[in-house]
Amino acid sequence: MAKSSAYVSKYPDEDGNIQWSDEENSIWHDLITRQLSCIQGTACDEYIAGFEKLKLPTDRIPQLEEVSKVLRAETGWQCEPVPALIGFGEFFRLLSEKKFPVATFIRTREEFDYLQEPDIFHEIFGHCPLLTNPSFADYTEAYGKMGLNATKEQRVFLARLYWFTVEFGLLDTPEGLRVYGGGIISSPTETEYALNDKNVERKTLSFDSVLDVLRTPYRIDILQPVYYMLTKVTDLDEIRKYEIEDIFELIEQAKSLGLHEAKFPPKEEKQAS
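This structure is a prediction, so every number in the text was calculated from the model and none was measured. (Residues numbered from 1 in each chain as written. Predicted model: local features only at pLDDT ≥ 70, side-chain atom pairs only at ≥ 80, totals over all residues. Heavy atoms only, no water.)

**Description of the pairing of strand E2 (residues 99-103)**
Moving on, step 1. For E2, the tally of buried residues reaches four of five residues, placing the bulk of the element in the interior.
Moving on, step 2. Traced from strand E1 (residues 78-82) through helix H4 (residues 88-96) to E2, the parallel crossover comes out right-handed. (Buried < 20%, exposed > 50% of the residue type's maximum accessible area, 1.4 Å probe, protein only. Helix = DSSP H or I, 4+ residues; strand = E, 2+ residues; numbered from the N terminus. Right-handed = clockwise from strand over helix to strand, strands pointing away.)

Rendered as structure tokens:
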């Protein structure tokens, strides 16, 4: 998680609504219309079904309660407005309470194509459609409970599990590769790359390969060299069967075995001027 952000979240008014500017609504419109053309034939069926339930507007940023109303009816989840960046403890607590943290800011046009911090477009468009799916919703809640009980060191390993499922997960379906991870779905570049680049390594994820995921390094600021594939979103039910103690035991094994060799160069540190 980044240490600081150039963005500042907006606070809801007394009625729970956020006042967005015309430019912010215009950015949402341009983002969502671009992505709608990308998800046809690439996003998984479960995502498409959830997207149709949410009925997200294209001409403006939706109010969080509009999204929460649908989520509560489907899976008992709701959106929770948060600052641009929150700590891991708060992040895990919210997930464990079936509250999906949504940073209430939207990217600028200067960062239209790529943004390290998750903005409201990434969270709402990328993740909320699948939160209408019971398997995805229950997995996300269980993950929050794992993190809530983890130490700081254990949370570093747990972050990889979230990264390679919720953020950058793929499905290997009879109809071909499909996307369910929000980090891919909200990015046209990553969608094309994850599904079609011949140099990408795509590994099968199952109940028995969680240890492998915990040992796989990643960087947040590059296109991913490794993705993990389920066959369907309900496969997350199998991973969710791990007891918290079992996950912590796997983390101890991962620490003992060490991380896999990174398939990317180390990030260059910015030199102080």
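There is more to say, and it comes next.
**Some thoughts on the packing of helix H6 (residues 134-148) against helix H7 (residues 152-167)**
Moving on, step 1. Relative to each other, H6 and H7 sit at 170 degrees, their axes nearing to 10 Å. Our classification of the angle between H6 and H7 gives roughly antiparallel. Facing H6, whose interface residues are Phe136, Tyr139, Thr140, Tyr143, Met146, Gly147 and Leu148, H7 presents Arg155, Leu158, Ala159, Leu161, Tyr162, Thr165 and Val166.
Moving on, step 2. Here the contact of H6 with H7 is built from residues that sort into 10 nonpolar, three polar and one charged. (Axes fitted to C-alpha atoms, helices over the stretch in contact; angles between N-to-C directions. Parallel < 35°, antiparallel > 145°, perpendicular 65-115°, else oblique. Contact = heavy atoms within 4.5 Å. Nonpolar A, V, L, I, M, F, W, Y, C, P; charged D, E, K, R; others polar.)

**Description of the packing of aromatic side chains**
Moving on, step 1. Counting across every chain of the model gives 17 aromatic pairs.
Moving on, step 2. Ring geometry for Trp28 and Phe121: centres 5.5 Å apart, planes at 80 degrees, overall edge-to-face. Of this pair, Trp28 sits in helix H1 (residues 22-39) while Phe121 sits in helix H5 (residues 120-127); the two residues are 93 residues apart in sequence, bridging distant segments of the chain. The same class applies to Trp28 and to Phe121, which are both buried.
Moving on, step 3. Pairing Trp163 with Phe168 gives two aromatic rings, centres 4.6 Å apart and planes at 35 degrees, and the pair type is tilted.
Moving on, step 4. Judged by its relative accessible area of 7%, Phe168 falls in the buried class.
Moving on, step 5. In this structure an aromatic cluster arises from ring pairing among Trp28, Tyr47, Phe51, Phe121 and Phe125.
Moving on, step 6. The ring of Phe157 carries Arg160 above its face, with NZ or CZ at 4.9 Å from the centroid. (Phe/Tyr/Trp six-rings, centres within 6.5 Å; stacked < 30°, edge-to-face > 60°. Lys NZ or Arg CZ within 6 Å of the ring centre and 35° of its normal.)

**What about a negative patch on the surface?**
Moving on, step 1. On the surface, a cluster of negative charge is made up of Glu243, Glu245, Asp246 and Glu249.
Moving on, step 2. One can find Asp246 in helix H12 (residues 244-257). (Patch = residues over 30% accessible without salt bridge, like charges linked within 9 Å, V, L, I, M, F, W, Y side chains within 5 Å. Areas by Shrake-Rupley, 256 points an atom, 1.4 Å probe, with all protein chains shown as cover. Salt bridge = Lys/Arg side-chain N within 4 Å of Asp/Glu carboxyl O. Lys, Arg positive; Asp, Glu negative; His and termini not counted. Charge placed at Lys NZ, Arg CZ, Asp CG, Glu CD.)

**A word on the pattern of salt bridges**
Moving on, step 1. Applying the stated criterion across every chain, the model contains 21 salt bridges.
Moving on, step 2. Notably, a salt bridge pairs Glu74 with Lys53, separated by 3.2 Å at the nearest N-O pair. With Glu74 in helix H3 (residues 64-74) and Lys53 in helix H2 (residues 45-54), the pair connects residues that are 21 residues apart, well separated along the chain.
Moving on, step 3. Residue class for Glu74 comes out partly exposed when judged on its relative accessible area of 37%.
Moving on, step 4. Salt-bridge contacts for Glu97 lead to Lys99; the nearest nitrogen and oxygen are separated by 3.4 Å.
Moving on, step 5. Overall, the relative accessible area of 36% leaves Glu97 in the partly exposed class.

**Re H2**
Moving on, step 1. Those residues of H2 not exposed but buried are Tyr47, Gly50, Phe51 and Leu54. Buried residues in H2, looked at end-on, bunch into an arc of 105 degrees, giving them a common side. Away from the buried face of H2 by more than 90 degrees, exposed residues Asp45 and Glu52 are located.
Moving on, step 2. Of the surrounding secondary structure, the elements contacted by the buried residues of H2 are H1, H3, H5 and helix H8 (182-185). (Arc of directions from axis to C-beta.)

**Section: the sheet that holds strand E6 (residues 226-230)**
Moving on, step 1. In spatial order, the strands read E4-E3-E6-E5; together these four strands make up an open sheet with mixed pairing. Both outer strands of the open sheet, strand E4 (176-179) and strand E5 (201-204), are each paired with one neighbouring strand and no more. Within this sheet the neighbouring strands show an average axis-to-axis angle of 40 degrees, counted without direction.
Moving on, step 2. By the bridge criterion, four bridges tie E5 to E6 in an arrangement that is parallel. (Pairing = 2+ DSSP bridges.)

**Overview of the side chain of His122**
Moving on, step 1. Relative to the elements of secondary structure, His122 occurs in helix H5.
Moving on, step 2. Residue His122 is classed as buried on the basis of its relative accessible area of 10%.
Moving on, step 3. In terms of polar contacts, His122 uses its side chain to reach the side chain of Ser186, at 3.1 Å.
Moving on, step 4. Dropping the residues within four chain positions of it, His122 is found in contact with Arg107, His127, Glu167, Gly182, Gly183 and Ser186. (Polar contact = N/O pair within 3.5 Å; in protein donor to acceptor, adjacent residues only side chain to side chain.)

Just geometry here; none of it tells us what the structure is for.
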